[in-house]
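Results of the structural survey
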Amino acid sequence: MIEFTKMHGNGNDFVVFENLDRQFGTEDLSRIALALCHRKTGIGGDGILVAEPSGKADLTMRIFNRDGSEGEMCGNGARCFARYAFEKKLAGAEMAFETLAGTMRAKVAPPSVTLDMGTIDCSKGLFDERITLLGETFPLAALRVGVPHCAVFVENLAVRSREDLVFMGRTLCHDSLRFPEGVNVNFVQDLGEGKLLVTTYERGVEDLTDSCGTGSTMSAIASAKRWGLVSPVRVINPGGVNIVHLEWKENGTACEARLEGKTALVASGTVLDEAGL
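Residues numbered from 1 in each chain as written. Predicted model: local features only at pLDDT ≥ 70, side-chain atom pairs only at ≥ 80, totals over all residues. Heavy atoms only, no water.

1. Points about the overall build of the protein
- Scanning the protein for helices and strands turns up four helices and 18 strands.
- Compactness check: the protein gives a C-alpha radius of gyration of 18 Å against a globular reference of 19 Å for 277 residues, within 12% of the reference.
- Seen through its C-alpha atoms, the protein measures out along the principal axes to roughly 50 × 35 × 30 Å.
- Counting every position in the protein, which comprises 277 residues, the buried fraction comes to 54%.
- A total accessible area of about 12200 Å² is found for the protein, and carbon and sulfur atoms account for 48% of it.
- Charge centroids of the protein, computed over 29 positive and 37 negative side chains, lie 3 Å from each other. (Helix = DSSP H or I, 4+ residues; strand = E, 2+ residues; numbered from the N terminus. Rg over C-alpha atoms; globule rule 2.2 N^0.38 Å. Buried < 20%, exposed > 50% of the residue type's maximum accessible area, 1.4 Å probe, protein only. Areas by Shrake-Rupley, 256 points an atom, 1.4 Å probe, with all protein chains shown as cover. Lys, Arg positive; Asp, Glu negative; His and termini not counted. Charge placed at Lys NZ, Arg CZ, Asp CG, Glu CD.)

Rendered as structure tokens:
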């Protein structure tokens, strides 16, 4: 049995639990993710967040996607993890935790959490590419923000069909020539006045999600490069608003980024043996 908490950050939802005694190994956690994230036979979620010990920070956060793969980092997931750690008294309001993408720092002021995304190296990003999908050519940017991301700049995002967005997202995500690691795909529309409309197809979830924190951050950086947006950038996802704070360095080759947004504690309980664990 597992004691869990169900959380979401702007609709990006997770099952959170502790593995402080390292009872579960990597293969166990992958299997647990597949079982718990199923929206019919499990609890339902875009992934699981697992709290483990750390030798150099307050905790270690591990994230496993809905398909059982382990992710390097997740912005909304990290914000939910920080809120969980604070509420469970595993860490203070200001904390640091390890991830596969490096050590993250967060400040919790319930229900909001601000995550220090660190220094983003833009020198290795692509900001002036183009891609043709469904017979239409779009500007494209690509940049690693903890995990690989690309931004497809579109017009009239709100009226584009879900089917078309899923097709385009899946096509790019599995374009092994351009993105050998796979990629998260952000569809980005400039709304003016420092606001973006963003919908993300997430690698590992293999579907559109209601929000993506690293995707919001990448979209804000790419849009600042493209349109000169000034910090803070309000990123409107289907599930809510993420605020991205940017501080540019080294003539635009790098920036410090902070991700701010709401989190929600939805439910807590016990996963029973019949869940198929």
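2. Some thoughts on the environment of Val 15
- Note that Val 15 resides in strand β2 (residues 12-18).
- Excluding residues that lie within four positions of it along the chain, Val 15 makes contacts with Phe 4, Thr 5, Lys 6, Leu 36, Ile 43, Gly 44, Gly 47, Ile 48 and Leu 49. (Contact = heavy atoms within 4.5 Å.)

3. Overview of the pairing of strand β8 (residues 112-121)
- Sheet analysis places strand β7 (residues 102-109) next to β8, joined by five bridges and oriented antiparallel. For Lys 107, the partnering residue across the bridge sits in β8 and is Thr 114.
- Between the end of β7 and the start of β8, which pair antiparallel, lie two residues.
- Where β8 lies against strand β17 (residues 254-262), nine bridges are found, and the strand directions are antiparallel. By the bridge assignment, Leu 115 is partnered in β17 with Leu 259. (Pairing = 2+ DSSP bridges.)

4. Regarding the packing of aromatic side chains
- Going through the model one piece at a time under the given rule, you end up with three aromatic pairs.
- Arranged with centres 6.3 Å apart and planes meeting at 90°, the rings of Phe 17 and Phe 24 form a pair that is edge-to-face.
- Their ring planes at 80° and their centres at 5.2 Å tell us that Phe 153 and Trp 227 sit as a pair that is edge-to-face. With Phe 153 in strand β11 (residues 147-153) and Trp 227 in helix α4 (residues 213-227), this residue pair connects regions lying 74 residues apart in the sequence.
- Under the relative-accessibility criterion, Phe 153 is labelled buried at 7%.
- The class of Trp 227 is partly exposed, set by a relative accessible area of 35%.
- Here the basic side chain of Arg 226 rests over the ring of Phe 153, its NZ or CZ set 5.0 Å away from the ring centre. (Phe/Tyr/Trp six-rings, centres within 6.5 Å; stacked < 30°, edge-to-face > 60°. Lys NZ or Arg CZ within 6 Å of the ring centre and 35° of its normal.)

5. Some details on the pattern of salt bridges
- Taken as a whole and assessed by the stated rule, the structure comprises 16 salt bridges.
- Note that Lys 6 and Asp 13 form a salt bridge whose closest N and O atoms lie 3.3 Å from each other. Across the pair, exposure class does not vary: Lys 6 and Asp 13 are buried alike.
- In this structure, Arg 39 engages Asp 46 in a salt bridge whose closest nitrogen and oxygen atoms are separated by 3.2 Å.
- Residue Asp 46 is classed as buried on the basis of its relative accessible area of 7%.
- One network of salt bridges, in which partners are shared, links Lys 6, Asp 13, Arg 39, Asp 46 and Arg 66. (Salt bridge = Lys/Arg side-chain N within 4 Å of Asp/Glu carboxyl O.)

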